[in-house]
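# Breakdown of the fold
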Amino acid sequence: MSNVIEMTHPLIQHKITRLRDKNTGTAEFSSLVEEIAMLMGYEALKDLPLEDIEIETPIETCKSPVISGKKLAIVPILRAGLGMVSGVQALVPTAKIGHIGLYRDEVTHIPHEYYCKLPDPISERLIVVTDPMLATGGSAIAAVDFIKQHGGKKIKFMSIIAAPEGLKKLQEAHPDIQIYVGHIDRELNENAYICPGLGDAGDRIFGTK
Ligand SMILES: O=P(O)(O)OC[C@H]1O[C@H](OP(=O)(O)OP(=O)(O)O)[C@H](O)[C@@H]1O
Ligand SMILES: O=c1cc[nH]c(=O)[nH]1
Ligand SMILES: [Mg+2]
């Protein structure tokens, strides 16, 4: 799976274990999602291009690198993806934020779009799509479809927990994107929930249900 990068850092693994625990409450859960997103963002953005600029230090003039080229757009899949935005935004405060609203039908598990607003134009930006859960892959595939329809080209997808089934589908549908996952779990159950997973990420982040 060459375009799939699974995180190995012990801090990420530790924080994912805290997320999985059903006794972890809303405040800690949403902080952990933000922290994991920042750590994953550090990895996902390690190929950002640099260019040298000239600056004056208090001692002398020198050339020093700054991020160049493509500007960044962070695009959370609502709702749960929102929880990851601040973590990535802390790394690149100038990033623009787009939003794609999708919910999964509880019976068919098919994603339904209810909102889409992306920075315009999006074609020149590096786009980081965030969603903590990649289950059947339906939501991720639909979100990347929308972004491509709006002209998005360079896309990275960040997900904290992924099911093997959804990961395979996303790769097949969009082989050109890079996919960063915190952990690849065992399987989906009959309700298309990830096992062992962490339950419903949106409900746990926002304290609903
Ligand atoms: O890979 P899939 O099978 O499409 O499932 C994953 C999607 O399900 C969850 O969203 P949900 O529909 O629960 O919406 P929410 O974020 O508003 O809770 C999750 O945040 C993903 O977007
Ligand atoms: O396990 C799952 C599957 C989809 N969405 C979630 O929030 N959790
Ligand atoms: Mg949900």
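Residues numbered from 1 in each chain as written. Chains lettered and ligands numbered in written order. Predicted model: local features only at pLDDT ≥ 70, side-chain atom pairs only at ≥ 80, totals over all residues. Heavy atoms only, no water.

The chain is annotated in an unreviewed UniProt entry as Uracil phosphoribosyltransferase of Muricoprocola aceti. In UniProt, the chain has this text filed under Catalytic activity (unreviewed entry): "UMP + diphosphate = 5-phospho-alpha-D-ribose 1-diphosphate + uracil". UniProt, in its Function (unreviewed entry) section for the chain, records the words "Catalyzes the conversion of uracil and 5-phospho-alpha-D-ribose 1-diphosphate (PRPP) to UMP and diphosphate." (UniProt positions renumbered as here; feature names shortened; annotations may be inferred.)

### What about the overall build of the chain?
Of the regular secondary structure elements, the chain holds six helices and 13 strands. Its C-alpha atoms give the chain a radius of gyration of 18 Å, near enough to 17 Å, the size a compact globule of 209 residues would have. With the principal axes as the frame, the chain shows a C-alpha extent of 65 × 35 × 30 Å. For the chain, with 209 residues in total, the buried portion stands at 46%. Of all intrachain contacts in the chain linking residues separated by at least 6 positions in sequence, the fraction that spans at least 24 positions is 64%. Put simply, the chain shows about 10800 Å² of open surface, and 54% of that area lies on carbon and sulfur atoms. The distance from the centre of the 22 positive side-chain charges to the centre of the 27 negative ones in the chain is 2 Å. (Helix = DSSP H or I, 4+ residues; strand = E, 2+ residues; numbered from the N terminus. Rg over C-alpha atoms; globule rule 2.2 N^0.38 Å. Buried < 20%, exposed > 50% of the residue type's maximum accessible area, 1.4 Å probe, protein only. Contact = heavy atoms within 4.5 Å. Areas by Shrake-Rupley, 256 points an atom, 1.4 Å probe, with all protein chains shown as cover. Lys, Arg positive; Asp, Glu negative; His and termini not counted. Charge placed at Lys NZ, Arg CZ, Asp CG, Glu CD.)

### Concerning the environment of histidine 9
Residue placement: histidine 9 occurs in the loop between β1 (4–6) and α1 (10–20). The sequence separation of histidine 9 and threonine 26 amounts to 17 residues, and the corresponding C-alpha distance is 24 Å.

### A short note on the nonpolar core
Grouped together as the largest cluster of nonpolar side chains are 35 residues, with contacts concentrated most on Leu19, Met40, Leu72, Met158 and Ile160. Aside from chain neighbours lying at most four places away, what touches leucine 72 is Leu45, Val92, Ala95, Lys96, Arg125, Leu126 and Val128. One finds Val4, Ile127, Phe146 and Ile147 within the second-largest nonpolar core, a separate group that totals 26 residues. (Core = buried A, V, L, I, M, F, W, Y, C linked by side-chain atoms within 4.5 Å.)

### As for the pairing of strand β3 (residues 61–67)
As judged from the seven bridges shared by strand β2 (residues 50–56) and β3, these two strands associate in the antiparallel manner. Directly across from glutamate 56, in β3, lies its bridge partner threonine 61. In textbook terms, the turn of a hairpin is the stretch between consecutive antiparallel strands, and for β2 and β3 this stretch comprises four residues. (Pairing = 2+ DSSP bridges.)

### Considerations on the side chain of arginine 204
Residue position: arginine 204 is located in helix α6 (residues 201–206). Within the buried set, arginine 204 has no salt-bridge partner at all; the shortest N-O distance to an opposite charge, 6.1 Å, is to aspartate 21. At 3.0 Å, the side chain of arginine 204 forms a polar contact with the backbone oxygen of threonine 24. Those residues in contact with arginine 204, other than ones at most four positions away along the chain, are Leu19, Arg20, Asp21, Lys22, Thr24, Thr26, Phe29 and Leu198. (Salt bridge = Lys/Arg side-chain N within 4 Å of Asp/Glu carboxyl O. Polar contact = N/O pair within 3.5 Å; in protein donor to acceptor, adjacent residues only side chain to side chain.)

### Quick notes on the UniProt feature "binding site: uracil" (unreviewed entry) in the chain
Per the UniProt annotation, the sites labelled "binding site: uracil" (unreviewed entry) are Ile194, Gly199, Asp200 and Ala201. Tracing the chain through its elements places glycine 199 in the loop between β13 (194–195) and α6. Leaving out residues up to four positions away in the same chain, glycine 199 has contacts with Met133 and Tyr193. Mapping alanine 201 onto the fold places it in helix α6. Looking at alanine 201, the relative accessible area reads 4%, which means it is buried. Leaving out residues up to four positions away in the same chain, alanine 201 has contacts with Phe29, Ala80, Pro132 and Met133.

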